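Fold and geometry: a report
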Amino acid sequence: MSSYTLAQITKVVNGSLSGNGNMGIAQLVYDSRRIQHPQTALFFALQTANADGHDYVNEAYKKGVRSFVVSKNISLKEANVILVGDTLTALQKLAAWHRGHFHMPVIGITGSNGKTVVKEWLNALLEDDYQIVRSPKSFNSQIGVPLSVWQMEAQHTLGIFEAGISQPGEMQKLERIIQPTVGVLTNIGEAHSEGFTSTEEKRTEKLRLFTQADVVIGEAGNLASLSTKKFTWSKNEEATLRIRQIKKERTSTVIEADYKDEFLLLSIPFTDDASIENSIACWCVLLQFGLKQETIQERMNALHPVDMRLQLNHAINDCLLINDSYSADTTSLRIALDFLAQQSAGLKRTVILSDFYESGKREEELYAEIAQLLNQYKVEKVIGIGKEIASQLPLKIDAVNFQSYTTTEDFLQQFKSSDFYKEIVLLKGARKAGFERIASLFEEKLHGTVLQINLAAVTHNLKEYQKRLKPSTKIMAMVKAFAYGSGGAEIASVLQFSNVAFLGVAYADEGVELVQAGVNIPIMVMNAEPSSFAAIVEHELQPVVYSKALLQSFGAYIRQQGLSAYPVHLEIETGMNRLGFSLSEVDEVARHLAANSYLSIQSVFSHLAGSEDPGEDAFTQQQAARFHEAVSVLQQHITYPFLKHISNSAAMVRHPDLQLDMVRLGIGLYGIEPDAEDVLRLQPVATLRSTVAQIKQIKKGESVSYNRRGMVNRDSKIATVRIGYADGYSRRFGNGIGKMLVNGKPAPVIGTVCMDMTMLDVTDIDGVKEGDDVIVFGADLPVQEVAKQVGTIPYEIMTSVSQRVKRVYYFE
Ligand SMILES: *Cc1c(COP(=O)(O)O)cnc(C)c1O
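Residues numbered from 1 in each chain as written. Predicted model: local features only at pLDDT ≥ 70, side-chain atom pairs only at ≥ 80, totals over all residues. Heavy atoms only, no water.

**Topic: the packing of aromatic side chains**
- Tallying each qualifying case throughout the model produces 17 aromatic pairs.
- Between Phe420 and Phe442, the ring centres sit 4.9 Å apart and the planes meet at 75°, which makes this aromatic pair edge-to-face. Placement of the pair is Phe420 in the loop between α13 (408-414) and β22 (423-428) and Phe442 in helix α14 (residues 436-442), with a sequence separation of 22 residues. Take Phe420 and Phe442: they sit in the same class, and that class is buried.
- Their ring planes at 10° and their centres at 4.2 Å tell us that Tyr729 and Phe733 sit as a pair that is stacked.
- By relative accessible area, which is 3% here, Tyr729 ends up buried.
- Judged by relative accessible area, Phe733 falls into the buried class, the value being 2%.
- Sitting over the face of the ring of Phe497, Arg33 holds its NZ or CZ atom 4.1 Å from the ring centroid.
- Just above the ring of Tyr61 sits the side chain of Arg66; from NZ or CZ to the centre is 3.8 Å. (Phe/Tyr/Trp six-rings, centres within 6.5 Å; stacked < 30°, edge-to-face > 60°. Helix = DSSP H or I, 4+ residues; strand = E, 2+ residues; numbered from the N terminus. Buried < 20%, exposed > 50% of the residue type's maximum accessible area, 1.4 Å probe, protein only. Lys NZ or Arg CZ within 6 Å of the ring centre and 35° of its normal.)

Right under this line is the structure:
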């Protein structure tokens, strides 16, 4: 492992050091939640749109970190602090300087799409010939690139790094860090995206990565402006690799091309256009590297799709399964363990591993590192499958329970499902270990309908809203009604990990479930009633007090329990006329609370009735004015500070002046902009999908479903889908009102919706078969549209998906 002293680093980043200059540094970290070797870590307090790393310096210190790079003065006992003007620039300078120590070839990849796939494929195609260091996952940003390049070490013989940019000016910085000797441009996407005004501007900016490259590889048209040495490919003009024909077959594609007076044939195991383009880019690189066509063909046969998703599935015996059985290297293990830790609330941590293969590391060193990771993430049960792992790992890990098997077959034969109960199981193995067979033992059989939840989209949406907030404004994430139907504890875990301040639920039992699943940030309960007081107090939930009667009864309960200063929230009625103290009551309530100390006010809030509606803006402002009035009355009597909040998702965008101390974010988290103006780039979180159970050909004059409501006036093809009103697909969608997507095309509901089934008219859609996928809502059929079909709002459609429908979580 590389190591520099703080004195060296201080000089490189042009900073000033207070502390011990002889201290050796091996790791660079910026996320206080992900610190592995605190003694030799250097913490960079980075300032991003969403967070200020200086706020996390203390947390890192508590975890044992003693060396910091900061741009604001901090005071920490016995810490080594390098003060710089800008911490990100310092990180980038340090990485660039580190890069300068190496003279191996480095492939730099950029483009609008395909960067990660091309990087992963090149790694697979070249790993027999080189000791490769590459970017983890898609670490290609201004922060990700320096951290990737920092991994370069003496034993490596090839670097492969990707670079992604979102605005002009960024590539030059990445170029200085990666210093590619070989450039690869994957493609240039649509104009006007990614903060560029034209495709030309975007192309020019991307090409800046290759300023010092010895050769640049890419599509001829995209490289036309370059005067450096090129290796081009093209379907329609002269190029180094001139593509003559692309023939798609059932499961493979054959590409014919001319190269240096030779005629070459390449068969690849893909048929989609993106994979074909990415394969051609890799082909060019391999030819440039001098590989024989025969070898190239052999290695290309073994390529597989790059699946960057981590999937979380409900499995047998109340277990959760993370299936990551396509790679076995420490970088991806760490990412998977992070996800495991994030989702493991209340579950025992189990990891099943195959032998690992990682170039450039001695076996002993490799397994020591793996053991270190397993220890750090407090894995309780480890199952090693493979000769090496079985002998190398046991000595080094703390896991209470270690089992080993020589082969995957052995494990399969001895598998007893009763050995697993309430565990979160990470399955992590090399492709050749065939762990997908283990995954199928764990999987619960689902009925054809599932609600897929993209947890990464939740984080993305949260960030989109965070960008709109002042740094001091807190977020309460509303997760009532199973997080708007998307599943309570899993979503709550992600939100907790993303540092939201509070969670909000409607009823006490929803909060209890989150606490039992291990959520430990404060949870506000909007509807508390006497029968739930005991559960509230036992689980340390924080009720909303909205009436004098509730104040009286909850207060009495707290005193009777001998408690004091119990945290509560006050709701003020300002115009919604749902729950809350009226303005005329506030003074009395304030005096009472000031005189009695058994309750402690955490926050005071009100709810807006029409924040998404421009026609009600005056009313919204009136509500806000009433709220401010109530707050000032409270502040006359209550002398300690409390948070004030009134904004929901729509108000965060439409009434930024109302963000106050905190906002309550609901529907937006789940990817829906309530005012439908699409000013944020939200990602849909939920996809409701089902499958075709049967196809029927019926004749003109026949009818479909109950009471013969679906009469057909032509010969028709009918698909019966495994979803009905018991799953939450309302009867209101019957008789042509609702549509679902079959093979990507809209198919109307025919006849009445049944309890467990719905029939679709697929006469006009070619090739529909039994077992085909059907989308009820998702990215291509937005919930908003589905809601419109029956004259309701997305909130109702999302929360109606019944608990019978399995939720399947993934992280993309
Ligand atoms: C549900 C709810 C919210 C969230 O509203 P969205 O429109 O989903 O953002 C905020 N505050 C209260 C009191 C709520 O009940």
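**Observations regarding the pairing of strand β24 (residues 474-478)**
- Counting buried positions along β24 yields four of five residues, so the element is predominantly enclosed.
- Here β24 runs beside strand β31 (residues 662-665); their pairing, made up of four bridges, is parallel. Within the sheet, the bridge partner assigned to Met476 lies in β31 and is Arg664.
- The pairing of β24 with strand β25 (residues 502-507) spans three bridges and is parallel. Across the sheet, Ala477 pairs through a bridge with Leu503, a residue of β25. (Pairing = 2+ DSSP bridges.)

**Brief notes about the site of the ligand**
- As a structural note, the neighbourhood of the ligand is formed by Met478, Lys480, Tyr484, Met526, Arg578, His607, Asn648, Ser649, Arg664, Gly666, Ile667 and Tyr795.
- In the environment of the ligand, an oxygen atom lies 3.1 Å from a nitrogen or oxygen atom belonging to the backbone of Gly666.
- Contact distances for the ligand include 2.7 Å between an oxygen atom and a backbone N or O atom of Ile667.
- Burial of the ligand by the protein chains amounts to 94% of its free accessible area of 390 Å².
- Looking at the shell around the ligand residue by residue, the classes come out as five nonpolar, four polar and three charged. (Near = heavy atom within 4 Å. Polar contact = N/O pair within 3.5 Å; in protein donor to acceptor, adjacent residues only side chain to side chain. Areas by Shrake-Rupley, 256 points an atom, 1.4 Å probe, with all protein chains shown as cover. Nonpolar A, V, L, I, M, F, W, Y, C, P; charged D, E, K, R; others polar.)

**A look at the environment of Ala528**
- Tracing the backbone through its elements, the reader meets Ala528 in the loop between β26 (523-527) and α19 (533-538).
- The class of Ala528 is buried, set by a relative accessible area of 4%.
- Distance in space between the C-alpha atoms of Ala528 and Asp509 is 9.9 Å, their sequence separation being 19 residues.
- When sequence neighbours within four positions are dropped, the list of residues in contact with Ala528 reads Phe533, Ile536, Pro543, Tyr546 and Leu550. (Contact = heavy atoms within 4.5 Å.)

**Some points on helix α15 (residues 455-466)**
- Its 12 residues give α15 an end-to-end C-alpha distance of 17 Å, which sits within 8% of 16 Å, the value for a rise of 1.5 Å per residue.
- Most of α15 sits inside the fold, with 10 of its 12 residues counted as buried.
- Those residues of α15 not exposed but buried are Leu455, Ala456, Ala457, Val458, Thr459, Asn461, Leu462, Glu464, Tyr465 and Gln466.
- At the N-terminal boundary of α15, the capping side chain belongs to Asn454, with an oxygen 3.0 Å from the backbone nitrogen of Ala456. (Expected span 1.5 Å × (residues − 1).)

**As for the sheet that holds strand β6 (residues 67-70)**
- With mixed pairing, five strands are arranged side by side in an open sheet as β2-β7-β6-β5-β4. Each edge of the open sheet carries a strand with a single partner, namely β2 (16-18) and β4 (27-29). Across this sheet, the average inter-strand angle for adjacent strands is 20°, counted without regard to direction.
- Two elements, β2 and strand β7 (residues 80-83), share three bridges in a ladder whose sense is antiparallel. Note on β7: the bridge partner recorded for Ser16 is Leu83.
- Contacting β4, β5 (41-44) and β6, helix α3 (residues 87-99) runs over the sheet at an angle of about 140° to β5. (Axes fitted to C-alpha atoms, helices over the stretch in contact; angles between N-to-C directions.)

**Notes on the state of the cysteines**
- In this structure the tally under the stated criterion is zero disulfides.
- The structure places no disulfide on Cys282, whose sulfur is separated from the nearest cysteine sulfur, that of Cys284, by 9.1 Å.
- Taking the relative accessible area as the measure of exposure, Cys282 reaches 0% and is therefore buried. (Disulfide = S-S within 2.5 Å.)

**Quick word on the domain arrangement of the protein chain**
- Partitioning the protein chain into domains gives domain 1 (4-91), domain 2 (102-235 + 273-291), domain 3 (310-445), domain 4 (469-670) and domain 5 (686-811).
- Taken together, the eight residues of domain 2 in the interface contact six residues of domain 3.
- Here domain 2 and domain 3 share an interface that buries about 570 Å² over both sides, 51% of which is from carbon and sulfur atoms.
- Looking only at domain 2, the three residues that lose the most surface to domain 3 are Gln131, Lys137 and Gln155, adding up to 57% of its buried area.
- Summed over the shared surface of domain 2 and domain 3, the result is one salt bridge. (Domains from an automatic or database assignment. Buried area = accessible area lost by both parts, 1.4 Å probe. Salt bridge = Lys/Arg side-chain N within 4 Å of Asp/Glu carboxyl O.)

**A few points about the side chain of Thr232**
- Looking at where Thr232 falls in the secondary structure, it is placed in strand β13 (residues 230-234).
- Here Thr232 falls in the buried class, since its relative accessible area comes to 10%.
- If we ignore the near neighbours within four places in the chain, the residues touching Thr232 are Gly218, Ala220, Leu223, Ala239, Thr240 and Leu241.

**Considerations on the UniProt feature "active site" (unreviewed entry) in the protein chain**
- In the numbering used here, UniProt assigns the feature "active site" (unreviewed entry) to Lys480 and Tyr706. The greatest C-alpha distance among the annotated residues, which extend across 227 residues, is 35.4 Å, indicating that they are dispersed rather than converging on a single site.
- Examined against the element boundaries, Lys480 turns out to sit in helix α16 (residues 480-484).
- Discounting residues that sit within four places of it in the chain, Lys480 has contacts with Gly504, Val505, Ala506, Glu510 and Met526.
- Leave out the neighbours within four places in its chain, and Tyr706 touches Thr752 and Cys754. (UniProt positions renumbered as here; feature names shortened; annotations may be inferred.)

**Here we look at the sheet that holds strand β14 (residues 241-248)**
- On the basis of which strands lie adjacent, the open sheet formed by nine strands has the order β9-β10-β8-β11-β12-β13-β14-β15-β16 and mixed pairing. Each having just a single partner strand, β9 (132-134) and β16 (262-268) make up the two edges of the open sheet. Direction aside, neighbouring strands of the sheet carry axes that sit 20° apart on average.
- Judged from the four bridges that link them, strand β12 (residues 215-219) and β13 form a sheet pairing that is parallel. The partner of Glu219 across the bridge, within β13, is Trp233.

**Focus: helix α11 (residues 363-376)**
- Here α11 spans 20 Å end to end across 14 residues, near enough to the 20 Å set by a 1.5 Å rise per residue.
- All buried positions along α11 are accounted for by Leu366, Tyr367, Ile370, Ala371, Leu373 and Leu374. Buried residues of α11 fall within an arc of 160° about the axis and therefore sit on the same side.
- Lys378, located one to two residues past α11, shows a positive phi value of around 50°. (Arc of directions from axis to C-beta.)

**Structural notes on the packing of helix α8 (residues 273-288) against helix α9 (residues 293-301)**
- Interhelical geometry of α8 versus α9 gives an angle of 145° and a closest axis separation of 10 Å. For the pair α8 and α9, the crossing hand works out as right-handed. Of the residues in α9, those touching α8 at Ser279, Cys282, Trp283, Leu286 and Leu287 are Gln293, Ile296 and Met300.
- Grouping the amino acids of the contact of α8 with α9 by side-chain chemistry returns six nonpolar, two polar and no charged. (Left-handed = near helix turned anticlockwise from the far one by under 90°.)

**Here's the deal with the nonpolar core**
- Ranked by size, the top nonpolar core spans 148 residues in total, and within it Leu337, Leu374, Leu393, Leu495 and Leu503 carry the most contacts.
- The element that contributes the greatest number of residues to this core is α11, accounting for six residues.
- Residues in contact with Leu374, not counting those within four places in the same chain, are Leu337, Val351, Leu353, Val379, Val382, Leu393 and Ile397.
- Ranked by size, the runner-up nonpolar core spans 39 residues in total, among them Ile217, Ile280, Val285 and Leu286. (Core = buried A, V, L, I, M, F, W, Y, C linked by side-chain atoms within 4.5 Å.)

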